[in-house]
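Secondary and tertiary structure notes
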Amino acid sequence: MDTKHRLKIQKNYTYLLEELRAQDIVDNLYTDCVIEHDDLQRISSEVTDKDKAKCLINILYTKERAFVAFLEEVGKDRPDIKEKIQQTDVGEELGKEKERRIEFLKKVLQKRYRLTEGKTIAEPDLLKDISFEYWWEGKGDVTQSTKTDLAECIQTLYPTSIRKRVTKKNKKIWRYTNIERRESEISEDEESVTDPELVSNSDGADSFHDALHPTILFKDIKPSDLKSVLAPFCEKEGIEAIHLEVFVREKIDGKVFEECDITDLGHLFRDMPFGDRKRLLRIRNAILEEESKKGPYLVIPSSGSEAMEGTDTSLICQNRVLSESEENDPETKFKEIFRTFDTLAKPTDAYRRHAVLTTSNFYISDLIEPLHSFRHRDDQDQSSLMNWIAEETIKFACACFSGRTNGTIHFGIVENTDKDGLLEGKVAGLYINQSRFMEVFYDQIKQAFYKDQLGIVLQCLRPPQFVSVRHKVLSNEEAEPLFVVEIDVVPNYSLTNHDTFYIREKNVPRIYNFDRNVPKVLLDEDLKNYMESKPKLAEHRKRKEEESLPSETNVNLREQFLNFYTAGSEKLTNDIYPILFLSPLDSAMNEDFVSENFEFLLNMEPTAIFDFHSSLDGKCLYNFVEADLQRVVKVYTTDNFDRNSEENASNPDNLNNVLEELSTSQLKPWIFCNGYEPLRKIPLNRLEWKKRRSEGFKEVTRFLQQEIPNERALVVFLILSKNYDIMLEIAEEVILKFQNQWIAMSENEKLMENWRDELLRRDSVDKKTLKERCIIGLPWKHVNNIVKEVSNFLPKVSKCQLPTSAGAFCYLKEKIRNELCDLEILSSNECEIDDICHDTHKLENHRRFMEEKFYQGGQVTWWNLYFEDNHVLRRSQQEKIQQGVEKLLQPNQRFEDTRVPCFYLFHQPGAGGTTTAHQILWQFRKSYRCSLIRKITDQTCSQIERLKYFEDPNNPMPPILLIDNGDEEKVQDLHARLEYKARISCKNDTRAIYCLLFLCIRRANLPTFTDSHTVQLKHELSTKELEWLRRKYQSLDEMFRNNNGVDPKLLISFNILKENFDRNYIQRTVKEFVDSIDIQKEMYLIKYLSLINSYDIDFQSVPLSAFDTLMEERKKGSGSVLYSMGSVSAFCGRRRHPSNLYRNWESTLSQSTEVLLNRNARVSTGGQALSIISKLFAKAILDYIVMKDSLSIGDIMIEFLRHPLFIAENASVRQLKKIVQDVLKKREFTEDQKKEKFSPIILEINEKEGKDKVAEVLETGYEKTKDPMLAQQIARFYIHSANWGKAEEFAKTAVQSKPDNSYLWDTYGQIYKTQLTLKYKAYLADCEAPNNSEIQEIVKLAMKGIEKFSKEQIVSEESRFSRENDAGYFGEVRLIVQLLDLIFLWFPGKDEKMDLHKYLVNMNNSKEFEIFSGEALEFLKDLQERSEKTMQVIEDKLAQLKNEKDGEILKLNVSYNPRYELVQLRENLDNYFGEQTGEIPDHLSPEAKASYIRRRVKRLGGRSSSSILDLRNTPDGETRLNEMALKLSYNIMSQYAKAYDFVTLITVTLVQNMTRKTFREEDFKNLVEWSRRAYDLTLRLGDDERPQLEAFMYFVMIHWPTEHKMKSKLYKINPVETVEEAIRRWKNAFNRLYPKQKEEAFRRRETTYYFLGKGRGSSGIVYYKDIRCKQTYIDGEALWRSKPVKEMLQQLKGTLLMDGWEILYTVTSPNGNKSFIKVKNSYPSPRSMWQKSVVFYLGFSWSGPKAYIQKDPNTQDDMTLKDIQKGEDVTAAKQSNQTKANNAVLNWQDVATHEAYLNAVRKINQQLQEIESLKKRKDKDLNSKQREMLKKEARLKEEKNDLYERRCKYVDRS
């Protein structure tokens, strides 16, 4: 029917439906062949007249010449209808119709074509595309009018195009010039396998083909594609395709094949018949000719399309075999997700082969929810397969139309089972030629449906979608691609109305409807019933469509997310611990997508990230974080947490170490849950994962659940693809562990659908919870923005700028900056952020924000310093600090033997020390690399080295490193490591500074001594500083009045400074704010927090969540869900939330409480932390609460410790317990830098409340914390209280908890030592002696004490985790001395001391000792040997290793000198064990005589080399030396001689020769022999005997081959080989005695006693003190350049070996033979000196000979002596304190031993007795001298009392 006639009927359409009686005319129309028989059947099947009329009219629209016949038939009975139609004017409608047609044509032409000069296109091709669009839009066939309008449209759109008639293949066709087809474009958003433009009838299939396969020129075809292109042509010509393999083998592409002739083909295709070769050439020529006419038209067939035609069936069979093996894999349990209904297939929709699809929609129910039908067939024959799919689709579509239900039919899915109300299908996939299939499919659609309904059908029947099927067994190169073909049907009411849809089967119209999900033909009664119910069904569809329209009240996804993340606030003020779970990324997500969308992963500050992606490809989020964000995370796998994994099974401690690292590391843990490619851990399927990896996952989640405070976790499941089957497996467990603390997020609803269904099926959650906690549709990019908006992160510079030594700057990569996680590196351009600094408004807002935060008590930030004097008060001492730091940074200012100098800033709490220290770093940031050391770990030293040398390897400037209130021991260790690193850094300039440590140290009691690099800040401001604060207050007040700031009265920290720390101001303010707090829980919070902050020396912030138990009252209620994540600030505007949204307590604090608190952003536990705004304020608050509520500190502490908040077990509570431990045990320093006896709180409670309250507090603290170090403090307190039973109990508890801590054993030993001391003091006070039973008890106590001290020594030496602790050795000797004093008091002999001495040295068995048990007797007889061995260790350590205190950077207890105590201990022991006379008793045996001589020598001062050398400076030194030499000369001749005798005699001889002016050759001959004997005897010692290192040193030193020694005829030194062997043995012996010297962290430098001099014999040995090498104020290099040294020491030549650590010294014998000795270099030399000749001095340290290389041996430094004098002046002030301390110690001489004390008391008693006798005489009988004597009585009694007190203090010194 033409357009005009159709419009006439359409205009009268409603009228005709009401008036027309179709049954009256259809028979005649059929008789006249206007309609067909099946048309007649369809019309007759309708029930109502209206439906019959409608059906007839729709059929007539599709019939030619039907209008006239229709009017004739109608006019017979109803001429009025005929007349009405004839008279209908449709002129206007025709015009509009043409406009619409023209508009549609323009749209199609613009979409598909473009103007291109020189190109042409055939009109049939244009009409083909237009025909496709007509079909797609449901317009039916292209009309003749459309063809006529086409030329007009082209002329309008493309004016230069001309329509020409040309002849093609003997046919004349029209072509349009200057037009070409556009390239097929598919947008990223709609990228799919199937383009909707490509589906149409058979003509449209060509368009489909063109768009799917872009054209290519023949010459551009690759060898691999040439075969595929030619194969169809060869098949038609009968050429076997196997011949075409030669193109790939011979690398022949299109261009080469263009140039081939018949001869070339003969060489190429030797087995191809000549005729086939000619035919192949004709094919090529035809292709090239066609290409010349129409341009590129060839396409490369894709896998599965044309190439499918030539697919080897064996390959398909192979695939099937592999698939069968694959089918048995547990992957088959993977539950796939349907492609979203009525959408294009995207790569993300791909199905996993053998996965399972389940649905409950397999029968008509909802009409809108699609009904699913699964179809599959094994027959892969392409022709039959395509026809079968089309036929099944036609029936399915017809059933959907009849049932008015949406539906999807899936081809390539095997229907498995129907159980539990679910239909299950398994993905199999089909091999399908897509382009051919589209031709077949639309051709069958056209044939099956009636033409009058075809337009509606095409609009309701969606184009087939080809969903890729992925299978893992075969690679893409090996297997043809598989697809699931899916067709959606959407019978919209607006299209289908009340129509009945038929399909033509053998020219019979059939109606199909569903029986479940299977289409069935409706016949007879079923058909009748359907036709009657059809109108109701159509109306039902209409209602369903209306109901399914989206609601106007859309969910605000941003609000939904914030409800959980911030509890609805616009800022993240709550304390949460996010845990992220990442599903694998979809394969379609490229790197750009990742980089644009997932920055929020680390911005959320997650506690942990669980990643179910296994590879590190470009789509891995871990790669994005590391590479793009330049952030550093710590990588783990689940195996790290599995106790039974390979890495943990062999070492059970591994897991504990990993868990500890997880909780303490600043790096975020990134946990790969299902494999990790770099470690070759492959991804597993679900079943294998459960078996092999689930245990590790459970362990780490259990640990996190325990670590994170209750209800403060926020688990976020990020569903990024449908490949989340394993993540789904763990979801239930995670959700149960973190109930009401999780959300799931996805951009795609379909991805979330299966997730929700599975959780519901497993009863993990209810529907309401799922709806609330599943956030669907929020783009990841929006999440990025939201997290940034609500977070409180301070903006940072994008590039960290560092100064270089050349004056330029370099940029530290952000990743490296993050890797240096122990350091907070200050950039030279810190805070210079364009986004803020170049925007005046933003900058002012930010300035005000940072200012208020700082003045409210927040920590100083770099932003505060960026605004310079506007924010931060510049202290008057700052200039002095700056000058001091600058001075230390200059190399020529280094007089101390250190390359890591320290500047000290001591400050009282709250005095602004931290702020001032930050200011100093800010001032130096552009000249030096500056950094704050966040924490000290074993990596800190190497991180500092990386910072120092980054892009500045040659002579970099020393970095300035700020340590704010660091742990003393850790700071000391770091300094030692840095010193070691500096000394081996191999730099030429030995005077250079490696780095500078700026130590900011908080002290309540500032030290009394200061020097040029020490500054103190007190609670006292200068007038100038107060004036600045006053002006600033006025400025703040003015801004507040103008509504531009906060009330300055609320800026407490600022006001404390403004009021100059005025106590009255603090008390008034405290009273005002505390009284205004009327909420009881908040009062408890303030009370407990002020208690902790008042007595915590380090003023640590307490984790906010540790107070949850105290502050929160969780809402209870059945079925209620609490949004426990997030909070709403008390000062922020409220948004509308769900009614059950819960806000954490920190968001609801009153303003008064908020003002008193300072909330820090993060602490080591990962959350927020609280503190009172300042320590001064904390103490004032506590004092006010104590006074107001009539409480005591002890009562508050016990109340706090017994609060239920300590019951919880998580990281926050553990941190709180740690702080409580510090409060109870950490001790302050006194002004002279000694530690107080106990912590401040214990001292105060003891003073005000008594010992019982202290004990209660301490024991309650231990009960809560179980800290062994606190148990030690309790033991110490009970020692102080003389409660020995309790002391033993807690000391034992401590060592049982931590048996490898030597300090705990020391406390245990002190219990017994202190008991002896108190008993001794009591006997002295009472002038009594212990009786037999008492002395027996005393010996038992001593035995226990020595047992504990011995254990301490063993633990200290074996420990590899701490420095040496020599207290055990000193403690043992002190205890022995104390025991000997008590035994001396008890001993009942006539000549007590002599008799006791004889017994103690095993010379006499005294009857008095028979009262002791056998064990006690053995113990007493062993005292001498025990004390000698212990004293030898002490002597050796102090002499052979440099004193740790010499290298201490924090000078603590400066009055204590271990060397001085050693002298006192020697004296005490010698009083009991030493021989008082040189006369040897005649009755002694030779062995006893030898022992007697040794005791006598030791009594004279011969205990060690150092004690003998010290005799040079004593008045009777020469006499003692002579006696020792005489006595030892006897011993060395005895058969009982020991190495000690020879070593001591050598030392005595050397000392004697040092003082002589003449050299005796005989002496050196003796030294040669004695050293040989000492060495031999030392080698014979057993493994349990301690060797004397002097034996090795003297042997090597005396036998060192010099020219004079080798030529001497008086003596003969050992061969060089023996000397070299002795050096090796020497080193081994040293390492055996000092195993910790091998550990860099605990290494102490060994001392060098002697140097090889220029003299002969013994005069060729130079003592180090004679060249002043030990003086700390002279630099070593300056010393070697000095003239005196060059005159004294012999210069040797050698070759520096490759590593710079050893020198090869060549020895040439008198006969010219050469030998070699390797000598260790004192410090490694730079590479430039390696393998070169060097000149060195030879020193003899305790570990072996050492070389001291001279940098320039031919020059000397004339300024050296002046420098030395200058150094002496610089250090004079520093040494004065030590000198005063040593002088004070010397005043103890009269009480240093029991004998000295008794002698002093005896003298006083004699005078008092004399006075008593004088008092009995009459005054007149007294002379003047006697009267004067009487006057001394009071003074003598005072002296006696003072003597007693000083003796008691002396014995208490330990």
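None of these values were measured; they are calculated from a predicted model. Numbering of residues starts from 1 in every chain and runs along the sequence as written. Since the coordinates come from a predicted model, pLDDT governs what is reported: local features require at least 70, and pairs of side-chain atoms require 80 or more to be given and counted, while whole-chain, interface and lining totals use all residues. No hydrogens and no water enter the side-chain calculation; it runs on all heavy atoms of the structure.

1. Points about the pairing of strand β25 (residues 800–803)
Neither face of β25 is exposed, since Cys800 and Leu802 on one face and Gln801 and Pro803 on the opposite face are all buried. Note on pairing: two strands pair once DSSP finds at least 2 bridges between them. Labels follow the DSSP assignment, with helices taken as runs of H or I lasting at least four residues and strands as runs of E lasting at least two, numbered in each case from the N terminus. With 4 bridges joining them, β25 and strand β26 (residues 809–812) adopt antiparallel strand pairing. Paired with proline 803 across the bridge in β26 is phenylalanine 809. Hairpin connection from β25 to β26: 5 residues lie between these consecutive antiparallel strands, with glycine 807 at a positive phi of about 95 degrees. Relative accessible area decides the class of each residue, using a 1.4 Å probe on protein chains only: under 20% of the type maximum gives buried, over 50% gives exposed, and in between gives partly exposed.

2. Re the sheet that holds strand β6 (residues 351–352)
Two strands in a sheet stick together by hydrogen bonds in their backbones, pointing the same way (parallel) or opposite ways (antiparallel). Spatially, the 5 strands line up as an open sheet ordered β6-β12-β13-β9-β8, and their pairing is mixed. Each having just a single partner strand, β6 and β8 (371–375) make up the two edges of the open sheet. Where strand β12 (residues 465–470) and strand β13 (residues 482–489) come together, 5 bridges link them in antiparallel fashion. In the sheet register, phenylalanine 466 faces β13, and the bridge partner there is valine 485.

3. Observations concerning helix α20 (residues 434–448)
Each residue after the first adds 1.5 Å to the expected span of a helix. Taking 1.5 Å of rise per residue, 15 residues should cover 21 Å, and α20 covers 21 Å from first to last C-alpha, within 8% of that figure. Inspection of α20 places Gln434, Ser435, Phe437, Met438, Phe441, Tyr442, Gln444, Ile445 and Ala448 among the buried residues, and these make up the whole buried set.

4. A word on the packing of aromatic side chains
Between the rings of Phe, Tyr and Trp (Trp by its six-membered ring), a pair exists once the centres lie within 6.5 Å; its type follows the angle of the planes, with under 30 degrees stacked, over 60 edge-to-face, and the other angles tilted. Considering all chains together, one arrives at 71 aromatic pairs under this definition. Ring centres of phenylalanine 1238 and phenylalanine 1277 lie 5.7 Å apart, and the angle between their planes is 70 degrees; on these two criteria the pair is classed as edge-to-face. Here the residue phenylalanine 1238 occupies a position in the loop between α52 (1211–1225) and α53 (1240–1249), and phenylalanine 1277 occupies one in helix α55 (residues 1268–1280), the gap between them amounting to 39 residues. Exposure class is identical for phenylalanine 1238 and phenylalanine 1277. Each is buried. Each member of the aromatic cluster is reached from another via a ring pair, and the members are Phe581, Phe610, Trp689, Phe697, Phe717, Tyr724, Trp742 and Trp755. In this scheme, Lys NZ or Arg CZ marks a charge over a ring once it lies within 6 Å of the ring centre and within 35 degrees of the ring normal. Residue placement shows arginine 163 over the ring face of tryptophan 174; its charged tip is 3.9 Å from the ring centre. Above the ring of phenylalanine 257, the side-chain terminus of arginine 284 is found at 5.8 Å from the ring centroid.

5. Concerning the environment of methionine 1269
Tracing the backbone through its elements, the reader meets methionine 1269 in helix α55. In this structure the C-alpha to C-alpha distance between methionine 1269 and leucine 1304, which are 35 residues apart in sequence, comes to 7.5 Å. Contacts are residue-level and defined by heavy atoms, with any inter-residue pair within 4.5 Å sufficient. Among all residues touching methionine 1269, those that are not within four sequence positions of it are Lys1225, Asn1301 and Leu1304.

6. Quick look at the nonpolar core
One broad trend across soluble globular proteins is that nonpolar side chains are buried collectively. Within the largest apolar cluster, 184 residues are counted, with the highest numbers of intra-cluster contacts made by Ile960, Phe998, Phe1177, Ile1241, Leu1379 and Leu1420. Looking at this core element by element, the count peaks at 13 residues for helix α59 (residues 1367–1386). For isoleucine 960, the residues in contact, after removing those within four places along its chain, are Val885, Leu889, Leu921, Phe924, Tyr928, Arg929, Cys930, Ser931, Leu996 and Phe998. By size, the runner-up hydrophobic cluster in this structure holds 82 residues, among which are Ala1525, Tyr1540, Tyr1611 and Leu1679. Definition used in this section: a nonpolar core is a set of buried Ala, Val, Leu, Ile, Met, Phe, Trp, Tyr and Cys residues joined via side-chain atoms within 4.5 Å.

7. Let's talk about the confidence of the model for the protein
The predictor attaches a confidence to each residue, and that confidence, scored 0 to 100, is pLDDT. With 88% of its residues at a pLDDT of 70 or more, the protein has an overall mean of 83. Across the protein, strand β9 (residues 407–411) holds the top mean pLDDT of 96, while helix α17 (residues 306–309) sits lowest at 38. In this model residues 1669–1673 is a low-confidence stretch, pLDDT under 50, and it forms 18 contacts with partners more than four residues away in sequence or in other chains.

8. Re the packing of helix α31 (residues 694–707) against helix α32 (residues 725–737)
Axis definition: a line fit to C-alpha positions, over the contact stretch in the case of helices; interaxial angles, taken between N-to-C directions, run 0 to 180 degrees. At a minimum axis distance of 11 Å, the contact between α31 and α32 shows a crossing angle of 20 degrees. Accordingly, the angle class assigned to the pair α31 and α32 is roughly parallel. Seen from above, α31 lies across α32 with right-handed handedness. Contact residues: α31 offers Phe697, Lys698, Thr701, Arg702 and Gln705, while α32 offers Ile730, Glu733, Val734 and Lys737. Angles below 35 degrees are treated as roughly parallel, those above 145 as roughly antiparallel, those between 65 and 115 as roughly perpendicular, and all remaining angles as oblique. Crossing handedness follows the turn of the near helix against the far one: under a right angle anticlockwise gives a left-handed crossing, and clockwise gives a right-handed one.

9. A look at unusual backbone geometry
Here histidine 354, not a glycine, exhibits a phi torsion of approximately 75 degrees, which is positive. Note on placement: histidine 354 falls in the loop between β6 and β7 (356–359). Accessibility expressed as a relative area gives 6% for histidine 354, which makes it buried. Residues other than glycine seldom take positive phi values, yet phenylalanine 1061 does so here, at roughly 60 degrees. Take phenylalanine 1061: it is sitting in the loop between α45 (1052–1058) and α46 (1063–1075). The exposure class assigned to phenylalanine 1061 is buried, which follows from its relative accessible area of 10%.

10. Side note on the pairing of strand β39 (residues 1702–1708)
Here β39 shows a clear split, with Ile1703, Tyr1705 and Val1707 buried on one side and none of Glu1702, Leu1704, Thr1706 and Thr1708 buried on the other. As judged from the 3 bridges shared by strand β38 (residues 1691–1696) and β39, these two strands associate in the antiparallel manner. Bridging across to β39, glycine 1694 finds its partner in tyrosine 1705. What sits between the antiparallel neighbours β38 and β39 is a turn of 5 residues, in which glycine 1700 has the positive phi angle 80 degrees. Where β39 and strand β40 (residues 1714–1721) come together, 7 bridges link them in antiparallel fashion. Directly across from leucine 1704, in β40, lies its bridge partner lysine 1718. Hairpin connection from β39 to β40: 5 residues lie between these consecutive antiparallel strands, with glycine 1712 at a positive phi of about 90 degrees.

11. Things to note about the side chain of glutamine 741
When you line up the elements, glutamine 741 lands in the loop between α32 and β23 (742–746). Since its relative accessible area comes to 5%, glutamine 741 is described here as buried. Side-chain polar atoms of glutamine 741 contact the backbone nitrogen of arginine 712, separated by 3.2 Å. For the purposes of these results, a polar contact is taken to be a pair of N or O atoms within 3.5 Å, where, inside protein, one atom must be able to donate a hydrogen and its partner to accept one; residues adjacent in sequence count only when each atom of the pair is a side-chain atom.

12. Digging into the pattern of salt bridges
A carboxyl oxygen of Asp or Glu within 4 Å of a side-chain nitrogen of Lys or Arg is what we treat as a salt bridge. Summed over all chains, the structure comprises 116 salt bridges. In this structure, aspartate 49 engages arginine 21 in a salt bridge whose closest nitrogen and oxygen atoms are separated by 3.8 Å. Of this pair, aspartate 49 sits in helix α5 (residues 49–61) while arginine 21 is found in the loop between α2 (13–19) and α3 (26–31), placing the two residues 28 residues apart along the sequence. With its nearest N and O atoms 3.0 Å apart, the salt bridge here joins arginine 1846 to aspartate 1842.

13. As for the environment of asparagine 954
Tracing the sequence through the fold places asparagine 954 in the loop between α42 (940–949) and β30 (960–964). Taking C-alpha positions, asparagine 954 is 9.9 Å from threonine 804, a pair spaced 150 residues apart along the chain.

14. Considering the environment of glutamine 144
Along the chain, glutamine 144 turns up in helix α10 (residues 144–157). Accessibility expressed as a relative area gives 55% for glutamine 144, which makes it exposed. Along the sequence, glutamine 144 and aspartate 2 sit 142 residues apart, while their C-alpha atoms lie 8.7 Å from each other.

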